Structures are given as C-alpha cells and as structure tokens.
Amino acid sequence: MIQGKKNWLGLLLMVVLMGVTGTVLLKGQPVSLLAASMKHLKPQFLVLGLLMMLGFVGCEALCSYQILGRLGHKVSYGHCLGYSFVGFYVSSITPSATGGQPAQIYYMSKDRIPAAHGALNMMLIASCYQVATLLWGGGIWFFVPAVRDQMDGGLGLLLLYGAGMMVVLTVGMVMVMFLPGPTRHICEGVLSLLTRTRILRNPETAREKLEHQLSEYARGADCVKHNPGLVLRVLVLCLIQLGLVFSVPWAVYLAFGLSGSSWIQIAGVQALLTLAVCNLPLPGAVGAAEGGFVSAFVSIFGEGMVTPAMLVSRGISFYTFLLVSFVVAIAVHLRTSRESRERALEEMMANQTGTRVKAVRKYLSARAEGEV
C-alpha cells in the first residue's frame, strides 16, 4: 500500500494541492450558496455515477482476469477486482498515472502469480489504455467540433501537451515491443551520453535494468502476436472503461436537473480534459483536473453551477473512490498476508506428524474451503 518516502511525499503533495485548489476555486463562493445548489440533487443519478466508477474499476479487473487466465493462472475475478482497487489507490497518491502498477504486481505475486506474468498483464493493459485514450480524444476532436471549439487558450495548450506526451509514450511502447533492435541502440546511446556527462554513476546497473525491461516487452510482443483476439478484447474493455469515467459529469448534469447538452458533448469535454491532464506529474492530477473542469465545463453548467458540479463530479470520480480503494487495499493486504502465513505454515508442517499437526492441517484445509 503506502510504502517508501516517495508515496508518503505523493500523499502529502496531494493533500497540499487539495488545500490550495479548494482555496482558489472556492474563493468568493459562499458555503450557503454551494449548499443551496446541491440541495436538490437527484440521488438516483449520483448512484448512477458511482456505478459508472465501479464499472471503471471492474473493466480493468476483467482485463486482468482474461490476461492472467490466458497465462494459465486460475485467479478469481474478486482477486482481480482487489488488484484494480489497489492500483487506483496507489496511482492516486503518486505523481504518476502508472504508479499503481508495481503495487498490483506485488499483490499478484503474493497470490503466487509470477512477477513476470504480473508485469506482462499490467503492460498489456497500460498499452491498450493509452491507445483507447488516444482513440477517444482523437474521435472527439475530429468528429465533435462543438467540443473541440471549447478547448482554447490554456486548455488548448495543455491538451497539446497531454496528447503529445501520450503519442510519444504509445509510440515508444510499440517500438520497444516490436522494434527491439533500434530501441536497444537508442537506449544504449542515451546511457552512453549520460555516462560521459557523469549524470549516470552506475551504468552497469542501468544496463541490467534496461535488458530486464526489454525482455519484459519482448514477452509482451510475443503475447500480442499469439493472442490478437485477447488484445482486441482488452482494447474494447479499455474503451468501455474510459467511456464510463467520461460519463460521470453527464450523470452529475442530470443530477442537477439540467438539460440542453447531449451525452456526447459532456463525455467529449471530459475525454479531452482527461487527455490534457493525465500526464501531468501530479498525484491524481489534483489541481489541474479541478481547475480544468471549471474552465472546460462553464459553457455547459453555467458560471453559477460549474463549481458545485466540479465538486460533485470529482467527489464521485476521484475522492469517494480514493476512500473506497483505500479500504479495499487494506483488505487485500490483510488477505494476502494471512494466506502467505498459512502457506508458510503448511510448508513447515509438510513432513511432520502428530495430533496437533493433524489438527492444524484440518483447520487450514477448512479455511481453504471456506468452512471457517
């Protein structure tokens, strides 16, 4: 869960950003006015938004369930759902959209899934997720001009940065997977430059890590080549996953009883906003996501309603699920720790006999079958 100084610093940074963002965005907004705006919210649409977020996490879990199953692991969907909640939580408190992947791989390994297979699973999901994000953003940009026209000024520059970074990351990932030779030469050149300028102090260790990563991506390329149907299914699930999270502001729009804007307009604005801020080095994109929402959605919600709408939308899509993910992450940690201890106890007693040993074995067997 939260391990190391980087994650603690990320959590602290997120809290500071939340405080600064709240101070800036809520300045001049009386609490009584905000409360009055939210007084008549329709709860059924708030529940719809929460279900959309549950579907968002559930789609990633289904991706893991299919990939790990293809790799020969009989892992339950419930366990995959736990991994996804852990990923959401850790990614939210670290300044990286992929910060939760090592945590998911760790808990997969606790469930006796080899780290290499866990890494391959997360790499395939990350690749499809990036492609799906670009497909959503590109589709909205080219086919919904009304939404595109709203992304001007600072939002337009931020979108250019976010889309550019996403393209670079996706092209880089494809190159590493399918063009290992040129990729190795480029990486070796970068390592040599860093070594000559004495920025890199331990080049041998860096080369070992590079070779390890290249071998992981080579396994990913083999998996893609031998399982094109699986990759297509994961890509479709990622498209659905993003569609669900992009639809949360639409549920909020309906909850406020507003009308006049279509689902595709609202989801489209959120798609472009997400593409703009997803690669910023901020935990949970806190600050940028809230400020961007107010700027991008003001024409849809209106000046008087856009701040309350932002609070409700981010409350559903980020802060509420951050708390839910924290609780689930604790449950996953306790479960995997208990099961690891039980497996260790079984191994210790494997060659021992006696009444007490038999009693412990019976207890562990009942636990495994869910009778205790």
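Note that the structure is a prediction, hence the values are computed from the model and not measured.

Colleague: Describe the packing of aromatic side chains, listing the residues and the values that go with them.
Modeller: Applying the stated criterion across every chain yields a total of 13 aromatic pairs. With 6.4 Å between their ring centres and 75° between their planes, W136 and W263 make a pair best called edge-to-face. In this pair, W136 is assigned in helix α6 (residues 115–143) and W263 in helix α13 (residues 263–277), connecting sequence segments 127 residues apart. An aromatic cluster of at least three residues, connected via ring pairs, comprises F56, F85, F88 and F321. The positively charged end of R148 is found above the aromatic ring belonging to W141, 5.8 Å away from the centroid. The ring of F318 has R314 sitting right over it, with the charged end atom 4.5 Å from the ring centre.

Colleague: Just give me the short version of the environment of L254, but keep the residues and values in it.
Modeller: Of note, L254 is situated in helix α12 (residues 248–255). In this structure the C-alpha to C-alpha distance between L254 and F45, which are 209 residues apart in sequence, comes to 6.5 Å. Sequence-distant contacts of L254, that is, excluding residues within four places in its chain, are made with K42 and F45.

Colleague: Let's hear about the packing of α13 against helix α14 (residues 288–301): which residues, and what values?
Modeller: At their nearest, the axes of α13 and α14 sit 10 Å apart, and the two run at 150° to each other. With respect to α14, the axis of α13 lies roughly antiparallel. In this structure, α13 meets α14 at a crossing whose hand is right-handed. Across the interface between the two elements, Q265, I266, V269, Q270, L273 and V277 of α13 pack against A288, A289, G292, F293, A296, F297 and I300 of α14.

Colleague: Talk me through unusual backbone geometry; I want residue IDs and the actual numbers.
Modeller: Phi angles above zero are rare outside glycine, and R112 is one such case at about 65°. One can find R112 in the loop between α5 (101–110) and α6. What makes R112 exposed here is its relative accessible area of 62%.

Definitions and limits used
Residues numbered from 1 in each chain as written. Predicted model: local features only at pLDDT ≥ 70, side-chain atom pairs only at ≥ 80, totals over all residues. Heavy atoms only, no water. Phe/Tyr/Trp six-rings, centres within 6.5 Å; stacked < 30°, edge-to-face > 60°. Helix = DSSP H or I, 4+ residues; strand = E, 2+ residues; numbered from the N terminus. Lys NZ or Arg CZ within 6 Å of the ring centre and 35° of its normal. Contact = heavy atoms within 4.5 Å. Axes fitted to C-alpha atoms, helices over the stretch in contact; angles between N-to-C directions. Parallel < 35°, antiparallel > 145°, perpendicular 65-115°, else oblique. Left-handed = near helix turned anticlockwise from the far one by under 90°. Buried < 20%, exposed > 50% of the residue type's maximum accessible area, 1.4 Å probe, protein only.

Function-wise, these values are silent; they only describe arrangement.
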